Every structure is written in structure tokens, then in C-alpha cells.
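Summary of the model geometry
Read off the chains here:
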Amino acid sequence: MCYGTELTSNAVLAWSGDAGIEWHYIAPGKPTQNGFVESFNGRMRDELLNETLFFTIGQARSILARWVADYNTERPHSSLGYATPAAFAAELEQQRSGLNPTVASPALLRDNTGRSLVATG
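Residues numbered from 1 in each chain as written. Predicted model: local features only at pLDDT ≥ 70, side-chain atom pairs only at ≥ 80, totals over all residues. Heavy atoms only, no water.

**Digging into the pattern of salt bridges**
Throughout the structure, instances matching the rule amount to two salt bridges. The partner of Arg 75 in a salt bridge is Glu 47, with the nearest N and O atoms 2.6 Å apart. Here Glu 47 lies in helix 2 (residues 35-49) and Arg 75 lies in the loop between helix 3 (57-73) and helix 4 (85-97), a separation of 28 residues in the sequence. For Arg 75, the salt bridge identified is with Asp 70, shortest N-O distance 3.1 Å. The class for Arg 75 is partly exposed, based on a relative accessible area of 23%. It is possible to trace a salt-bridge network through shared partners that takes in Glu 47, Asp 70 and Arg 75. (Salt bridge = Lys/Arg side-chain N within 4 Å of Asp/Glu carboxyl O. Helix = DSSP H or I, 4+ residues; strand = E, 2+ residues; numbered from the N terminus. Buried < 20%, exposed > 50% of the residue type's maximum accessible area, 1.4 Å probe, protein only.)

Structure (C-alpha cells):
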């Protein structure tokens, strides 16, 4: 008999198979294999999910959509040179469209001269 997270896992696996989506597991004890998603999930949990009581699915979808839009279009991210993800993606696309095709794709083209944190005593 399945309970809790095992039941959820089985439901997600069934859905991904029906939707034709490949499912890849992160190795046990290795959350850093998916660090970007882990970071996003932690922020969403701390800033939204732990602080909000949802009464309907529609309300939850609306609130989540507003939070994601704010996260992607309004908030600068230090890992992107203090640009928003939307602005960074637009700049990257503009830079790539001007490049000649190469054998290997270039690394992310970003300004690495942004502010850095200085450790103090």
C-alpha cells in the first residue's frame, strides 16, 4: 500500500509517462545536481508558500502566477549581474543573434564586473 510521498511520486511518474515527459532522478543526497531549481523552490517556499493561505485552486494559480512574474521580470538576480531573468534572457538572445554559428555554443555572455560581497571581520 502507498502512503504520502510514495503515492505522490507514483502519481507524478504516471502523469509524466502519459504526457511523454522523461523523468530523471537526482541521486540521493545530491541536491546540488539541480541547484537552480533547489534555489528557486526554496525562495518560493520561504517567500510565498509558507506565508500564504490558499482557499481555491484559482486563487492559488493567480497568486503563484503573480509571484513568478515578479520573480522573472522585476527582481534583479546577483547571479545574472543584477539583471532580471527576463532582461538577461533578452540580452543573451540579442547577443546570440549577432553571432556566427560555431561548432560549440558560447558560454553565457554576461558582464562579470558587477558588485561583489566583501567579507568583513
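**Focus: the side chain of His 77**
Note that His 77 resides in the loop between helix 3 and helix 4. Residue His 77 is classed as buried on the basis of its relative accessible area, which comes to 13%. If sequence neighbours within four positions are ignored, His 77 has contacts with Tyr 71, Tyr 82, Ala 83, Thr 84 and Pro 85. (Contact = heavy atoms within 4.5 Å.)

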